[in-house]
Structure formats: structure tokens, C-alpha cells
Amino acid sequence: MTFETELVLGIIALAVILFFTEKFTVDTVAIGVMVLFMLLGILDLKEGLAGFSNSATITVAAMFVISQAIFKTGILDQVSLFLESQAQRSESRLILSLMLTSGILSAFINDTAVVALLMPAVIHLSQKNQIPPSKLLMPLSFGALMGGICTLLGTSTNILVSGIAEKAGLSPFGVFEMSAMGLIFLAAGTLYMVTVGRWILPKRGPSIDHSGNYDLGDYLVEITITDEFDQLMEPVLKQKIFKDGAIRPLQIIREDGNRVKVYPNSVILSGDMIRVTADHKNLDRLKKVKGIEIKAELDWDTKPATEVDEKLFEAIVTPNSSLVNESIKSIDFRKLFDRVVVIGIRHRKGLLDKLIAGSSLKAGDVLLLRATEETIQSIQRSEDLLLISGKKTGHLNKIQVILTLGILALVIGLAAFGIFPITLSATAGALAMVMLRAITPDEAYKAIDWKVIFMLAGVLSMGTALEKTGGATLIGQGVIELFGAYGPQIVLSAIFGLTFLLTNVMSNNATAALLAPIAISIAATLDVEPRPLLMAVTFAASLSFMTPMGYQTNTMIYNPGNYRFSDYMKVGTPLNILLWIIASICIPIFFPF
């Protein structure tokens, strides 16, 4: 092993640790590694920046635009009507319909966006049919993940591995080349979730208030006590607001900044700031108590413009939101989101140690917002926050539906029949969407998730560095020494297992970019077709069910579903093992060595 190889492996190992710890965002780590490779002379400028011009990167960007144009038509809002009819039959029928619907949609358009758009409808169905959201949101996410591997266009990971194969001199993946195997995964996963998974899924129901408003759970909120409070100088034990246990005091901060632990005999004083946890319903009740003010973004002096028409709304921080790692105080919600005020945040471990306004936002955090029906529209238009309560169904534009679906069909057809490469047909399709005014240029630029684009460009440099320094061959030889004697099918099984384990703790695209070159190297050493090994990497990289951070959609449903980390392990581990067994048997049948 040369020093250069050791250096590359060391840098990649550091990157994996940073991916896992989430100290920095995935795209930041990926670009940082790319720049480091160029600074150290491991890659020249052309090699290091090649990821930006890679066919996979361009195709993914184009598909973001096409997907957004389809969402803009309002067609996905109509899906909720179908799901509602299934919910009236039975819970198992709803889970089945939910997984198949999200799976079919995710086969052709971005799976993260599918979950984002269907989640509010699913939460509404949960409320209306008194089914805990924890019974529905995990099937929604898992169905989207399995649907995403049914076609080349389903996820950026599929397109990424296809691009790596093409760069290595192999033929790129066909649009429907993955479909047969992908449908088997979807069918097996759906059957599991409707039967075994349905019973393992936790049953944690939200509370529903008398007005029918949906509440996702307890928020951490800061309140201040004024001179008008009628129980000043009385202990917590005797306070009416805490008596029924619905509003729980966690910490008292005196006017002089002194922090006091909450005991039954702790006295409440004027000027105290009290951190409490309460649900949506009880926070509404707390607003009406004389002498109590709910602190909004640590802005004590600013009062809302109107209190008559203001309501409470809930919104989730999306995985690729620009608000991630920003503090509530630094964002200034009032200006950014047209007089929308943050008054609470779903409690996370360790949040109590900081002021709410000073705490950094993470993907999946649920914010409690105060706004009017008019001002909340700024949230509904935002890609940083997903409104999950009080969202209005969009108007269905039939002409735009026909237009956008026709363009999507052309993109797929031209690529499927080999008339044009998928990169060209997707780019032409995105341009057609803009030219025919299905989407404006500004909307097209906003639709592209630039974090994903930069992350793809960065992780591709890792694969290039591994190949150039011989690191891919070295790791491949290690895998062959361990499993090669048992035949290529066992090697495939080992690669599939390694991929889904890694993708559960780090980015799926980073995992695929690292392991795809290794799979090609292993195939060359074993003198077998590389296709089955590449397919193992592709499928396994998207089949991430065991952790909430394994895939963006798993992160999105974590708080709204009231899930715990262990829920993913309990439900997802048997599913991952089931699909691992199916992959080990079936991939060599559909993609012979």
C-alpha cells in the first residue's frame, strides 16, 4: 500500500466519521474532501471538478425541475381523496394503499418531495380516522424508498451509480432496467408492513382538542410571569396552570438570570421565565391566562399586529432546509416569513440547556408557529419548512397536468427506447417545462436542491481518488479474500449487506459513490459481469430502514410520527434482513454474472 493510498483511505475514513456525527452538513464534507484531494495533488483540477459536469449531476438537477413542475399542478393533492376512501375501509387497507401510492409516485419523481407533499394529507387522515400517525408515516416513508428503486429516475442514487458505471466504460442503466427487481422489493416490503410491520409499529396517538385541531405532541416553550399573575409567591405545587399535569414546568430562570430547578415548593415570582412543555391545545389555553406571556423568538417587546385572527400552526424543518444548523434567533422569522412567529419547538434531548431562540434547528424539528391565515402562506410557499397543520389543498390545473405529464412521458420514452441519453432527455424536458410556462425560471432554480448537487459533485471525487490511487482495488481484494472462495453470489450478498449498513449511518449517495468503484474492481478481479454487483450497491443504498438519519424521508417523519430511535430498529431491521435475503437470491437471476 502506497502512502498516497493510505492518505486517501484516511481522508475517506474521516469523511465517514463526519457524515455519521453530522458535525457539518453532508454537502460541506463532500466539497471539503474534494478540495483537500486537489490541494494535496491526489486529483488535478479537472479530475476534482469533474463531478459538476458528470451526467448524473446534470440529470438529477433536471429531474428536480420536472418534479417541481408536476407538483405545481396540484395533482398530488388529489391523491388524498383516494387515500381517504381507503381509510374508511380498514387500517391495513390504508397502509397498503399508502405504500403503493408513495411507491408508484416515487418511481418517477423525487421520493423526498413525494413524502413532503403526502405527509400533511396522511396526518389529516390520521386525525379524521383516529389512527395514530405512528402507524402511517413509517409506511409512507418506506413505500417511497422502495418505489424509488423501481426506475432509474426514482432517486439520485440510481442516477449516480449509472453515471459511475458509464464513466468506467460500462453501459449506463436503462430507465426500466431495475423495475422487475424493484417491484419485487416493493411487493415484499409492502406485504411485510401490512402484516408483521403493522403489529410492530408503535401506537403513539396525538391529542386532539375540542375544536378538532391536530396536535403532534409536546413543545418546549418559554413563558414569562408578569405582575398581573394572580398566584405570585405561591409554590409550584399550588399553581392552577400546572395542576392537571398537562403543562409541565421544567426549569425556572429568575429575573437576575439565576436558574432554579423545579420542585413542588419552588415559588413563582414576577419576572420569572419558565420553560414548560405542553401540547398545542394547552398552549392555546395558556395564552388566555392573565399574567402569563408566551415568549416569541426571545422578542419580548414586539407584540403581534393582531391577535383576533391569529392561529397556531405546525411546520417541520425539511432535510435540505437552509435553516438547518441556524438558530431561531438569528433567522428572524418575522421578516423571513411575513410576520410568522415561533412560539415553541418539539423537545429534543439537550435542548433544555439552551434558550429556545439560541438552539440550532435540525432536520425533522417541528415548530409551533403563530400566524394568520394570510401570513402563514409564506410558510406554505417555502421549501425550508413544510406546513403540516392548517395546509390548504391546492387548485388542480387540468391543462398543466396534461402538459407536465406529457413532457414527463416524453422524457421517459425517449430515454427508454434509446433515442436520447437520459441526461439529454431530462435536460430537454426541464427546459420544455420552463418554455411552456409550466414553471417559471425562478421556480426552476429554486426547485433544484443545490445541496444535493454539490454533495454529488463532492462524493464523486472520492470514488475517483479511490480508483486513481488503487484504493478501490485494495478494498476489493480484501472483500474477495473474505468471501471470494464462496462464489460471486456470496460476494454480492456481502456487498449488499455492507452497503445497507453504511447507508443507515451516512448519506446514501456517499455510500454508493464509495462502494460502486469497489464493486467494479471486485468484478474485474473475479472476472464476472459487474452489473449484478453494481445493482446490489444501487438497491441497498436506498433501502435504509433501520435509523431515522439513514434517509431524508425517515428524518422527516421522525417527530410528526412521535417515533423513537428504537422504533426504526424494531420495524426496519427485520425488513432490511428480508430484502437482503431476497436480493442475494434474486439479483443474480435478473442480472446474471
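Rules and cut-offs
- Residues numbered from 1 in each chain as written.
- Predicted model: local features only at pLDDT ≥ 70, side-chain atom pairs only at ≥ 80, totals over all residues.
- Heavy atoms only, no water.
- Salt bridge = Lys/Arg side-chain N within 4 Å of Asp/Glu carboxyl O.
- Helix = DSSP H or I, 4+ residues; strand = E, 2+ residues; numbered from the N terminus.
- Buried < 20%, exposed > 50% of the residue type's maximum accessible area, 1.4 Å probe, protein only.
- 1 Å grid on protein atoms, 1.4 Å probe; cavity = no way out; pocket = protein on both sides within 12 Å on 5 of 7 lines; lining within 4 Å.
- Points joined across faces, edges and corners; volume = space filled by probe spheres on them.
- Nonpolar A, V, L, I, M, F, W, Y, C, P; charged D, E, K, R; others polar.
- Axes fitted to C-alpha atoms, helices over the stretch in contact; angles between N-to-C directions.
- Parallel < 35°, antiparallel > 145°, perpendicular 65-115°, else oblique.
- Left-handed = near helix turned anticlockwise from the far one by under 90°.
- Contact = heavy atoms within 4.5 Å.

(A) Quick look at the pattern of salt bridges. Scanning all chains against the criterion turns up six salt bridges. Residue Glu222 is joined to Arg275 by a salt bridge in which the shortest nitrogen-to-oxygen separation is 3.3 Å. With Glu222 in strand 1 (residues 219-225) and Arg275 in strand 4 (residues 273-278), the pair connects residues that are 53 residues apart, well separated along the chain. Both residues of the pair, Glu222 and Arg275, count as buried.

(B) Structural view of empty space enclosed by the protein. Scanning all chains against the criterion turns up two cavities of 30 Å³ or more. Empty space within the largest cavity amounts to approximately 90 Å³. Lining the largest cavity are Val60, Met63, Phe64, Ser67, Ile109, Asn110, Leu153, Gly154, Thr155, Ser156 and Ile159. When contributions to the lining of the largest cavity are tallied by element, the ones reaching two or more residues are helix 4 (55-72) and helix 9 (156-167). Ranked by the residues each element gives to the lining of the largest cavity, the list is headed by helix 4, at four residues. Residue composition of the lining of the largest cavity, grouped by class: six nonpolar, five polar and no charged.

(C) Focus on the packing of helix 6 (residues 91-106) against helix 7 (residues 111-128). Running from amino to carboxyl end, helix 6 crosses helix 7 at an angle of 155 degrees, the nearest separation of the two axes being 9 Å. As judged from the angle between their axes, helix 6 and helix 7 are roughly antiparallel. Where helix 6 crosses over helix 7, the two elements pack in a sense that is right-handed. Between helix 6, through Leu94, Leu98, Ser102, Leu105 and Ser106, and helix 7, the contact on the second element is made entirely by Asp111, Val114, Leu118, Val122 and Leu125. A class-by-class count of the residues in the contact of helix 6 with helix 7 yields seven nonpolar, two polar and one charged.

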